Amino acid sequence: MTTIRLEDIHKSYGRLEVLRGISLEIRSGQITSIVGPSGAGKTTLLQIMGTLDNPDSGRVLYDDLDVTILSDKRLSAFRNRHIGFVFQFHQLLPEFTALENVMLPALIGGSRRAEAETRAAMLLDSLGVSERAHHKPAALSGGEKQRVAVARALVNNPDIVFADEPTGSLDSRNRDEMQQLFLDLRQRFGQGFVIVTHDPELASAGERIIHMRDGLADNT
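This report concerns the structure included in the present document.

Cut-offs and rules
Sequence order as written defines the numbering, with residues in each chain counted from 1. Local features in a predicted model are, by the rule used here, given only for residues with pLDDT of at least 70; side-chain atom pairs are given and counted only at 80 or more, and totals for whole chains, interfaces and linings are based on all residues. The basis for every side-chain value is the complete set of non-hydrogen atoms in the structure, without hydrogens or water. Runs of E in the DSSP output that reach at least two residues are strands. Runs of H or I that reach at least four are helices, and both are numbered from the N terminus. Contacts are assigned to residue pairs with any non-hydrogen atoms lying within 4.5 Å of each other. Burial classes: relative accessible area under 20% of the type maximum marks a residue as buried, over 50% as exposed, and values in between as partly exposed (1.4 Å probe, protein chains only). All axes here are fitted lines through C-alpha atoms, helices being fitted over the stretch that makes contact, and every angle between N-to-C directions spans 0 to 180 degrees. For this classification, under 35 degrees means roughly parallel, over 145 means roughly antiparallel, 65 to 115 means roughly perpendicular, and everything else is oblique. A crossing counts as left-handed when the near helix is turned anticlockwise from the far one by less than a right angle, and as right-handed when that turn is clockwise. Classes in brief: Ala, Val, Leu, Ile, Met, Phe, Trp, Tyr, Cys and Pro nonpolar; Asp, Glu, Lys and Arg charged; the others, Gly included, polar. Only protein atoms enter the calculation, which uses a 1 Å grid: trapped sets of points that fit a 1.4 Å probe without letting it out are cavities, open sets showing protein on both sides within 12 Å along at least five of seven lines are pockets, and any residue with an atom within 4 Å of a point is a lining residue. Grid points are joined across faces, edges and corners, and a volume is the space filled by probe spheres set on the points. Whenever Lys or Arg places a side-chain nitrogen within 4 Å of a carboxyl oxygen from Asp or Glu, that contact is recorded as a salt bridge. Strands pair, by our definition, only if DSSP identifies at least two bridges between them. Here is the rule: rings of Phe, Tyr and Trp (six-membered ring for Trp) pair when centre to centre is within 6.5 Å. Planes less than 30 degrees apart are stacked, more than 60 are edge-to-face, and the remainder are tilted.

### Considering the environment of V18
Take V18: it is sitting in strand β2 (residues 16–27). The sequence separation of V18 and D214 amounts to 196 residues, and the corresponding C-alpha distance is 7.4 Å. Apart from the residues within four sequence positions on either side, V18 is in contact with K11, S12, Y13, A40, G41, T44 and G215.

Structural data, given as structure tokens:
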């Protein structure tokens, strides 16, 4: 189990101070929810925690590795191997099928095509969308797209998956299904998630809730 530790994280955009000295510790096997009003800094915190952005000051450590000092090449390789992402609007590549979208991170990471395809097909089946494997995103429903996005996030068996408003574009039925999916993945695979959400029901699925306001974070 990986421990992610944030130490005195600050981040500003121009004169706007978004994060004002956040220190947190998160274990990869948990579901952690990050909640708070718009503008509180939730997505910025998630992006820094997930190595998509750098803090102005402070450190982000995965176990004893300070990822804030890695070169771009090493950081990209680390992210590909250890971190998965699920975004509100799926971010699937429209020219590729569902199966190919799921395979891509594995291929980028150096997996053989046959191995990547087997792993991707298994995940799509596990997530209940195997019959849509050879359809492109335009032919998928919103719920199906999000399940494909979750499969893509899991294909390299990451330590942690970061999800930014993963139910924000879904209707109530698909929101409920996505919440149950995260719980099922946590139970079956021990998969950890850090989820930014405005959805109180999804937030309540977390074993831990981090409340953010004005660039600061309180744990419960």
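### Brief notes about helix α3 (residues 98–108)
Regarding α3, the residues found buried are A98, L99, N101, V102, M103, P105 and A106. Structurally, α3 contributes buried residues whose contacts are with α2 (72–82), α4 (113–126) and α5 (142–154). Positive backbone phi, approximately 100 degrees, marks G110, located one or two places after α3.

### Some details on the packing of α5 against helix α6 (residues 172–189)
With their axes 10 Å apart at the nearest point, α5 and α6 run at an angle of 20 degrees to one another. Considering their axes alone, α5 and α6 lie roughly parallel with respect to each other. Of the two elements, α5 crosses α6, and the hand of that crossing is right-handed. On α6, the residues that touch G143, Q146, R147, V150 and L154 of α5 are N174, E177, M178, L181, F182 and L185. Considering only residue class, the contact of α5 with α6 consists of six nonpolar, three polar and two charged.

### A word on the environment of I4
Its place among the elements puts I4 in strand β1 (residues 3–13). Among the residues examined, I4 registers a relative accessible area of 0% and is labelled buried. For the pair formed by I4 and D64, sequence separation is 60 residues and the distance between their alpha carbons is 9.0 Å. When sequence neighbours within four positions are dropped, the list of residues in contact with I4 reads L24, E25, I26, M49, L61, Y62, I160 and F162.

### Focus on the layout of surface pockets
In this approach, a probe sized like a water molecule rolls over the atoms, and the result shows the empty space that is left. Roughly 450 Å³ of internal volume is contained in the largest pocket. Around the largest pocket sit 19 residues that line it, and N80, F85, F87, P105 and R152 are the ones nearest its centre. Residue assignment for the lining of the largest pocket shows that the elements contributing at least two residues are α2, β6 (83–87), α3 and α5. Across the lining of the largest pocket, the residue classes tally to 11 nonpolar, six polar and two charged.

### Remarks on the pattern of salt bridges
Inspection of every chain in the model, using the stated rule, returns eight salt bridges. Linking R147 and E177 is a salt bridge whose minimum nitrogen-to-oxygen distance equals 3.7 Å. Taken as a pair, R147 in helix α5 and E177 in helix α6 lie far apart in primary sequence, 30 residues in all. For R186, the salt bridge goes to E207, with nearest N and O atoms at 3.2 Å. Taken together, the residues span a long stretch of sequence, with R186 in helix α6 and E207 in the loop between α7 (200–204) and β9 (208–213) at a distance of 21 residues. What makes R186 partly exposed here is its relative accessible area of 26%. Shared partners join several salt bridges into a network, and the residues in it are R5, E7 and R59.

### Side note on the pairing of strand β4 (residues 57–62)
Bridge analysis of β1 against β4 gives five bridges, and the strand direction is antiparallel. Bridging across to β4, L6 finds its partner in V60. Counted between consecutive antiparallel strands, the loop separating β4 from strand β5 (residues 65–66) contains two residues, among which D63 sits at a positive phi close to 55 degrees.

### A word on the packing of aromatic side chains
Taken as a whole, this structure holds four aromatic pairs when the rule is applied. When the ring of Y62 is compared with that of F78, the centres are 5.1 Å apart and the planes differ by 80 degrees; the resulting orientation is edge-to-face. A residue pair is termed long-range when its members are at least 10 positions apart, and Y62 in strand β4 and F78 in helix α2 qualify at 16 residues. Residue F78 is classed as buried on the basis of its relative accessible area of 10%. Here the aromatic residues F85, F87 and F162 are joined through ring pairs into a cluster of three or more.

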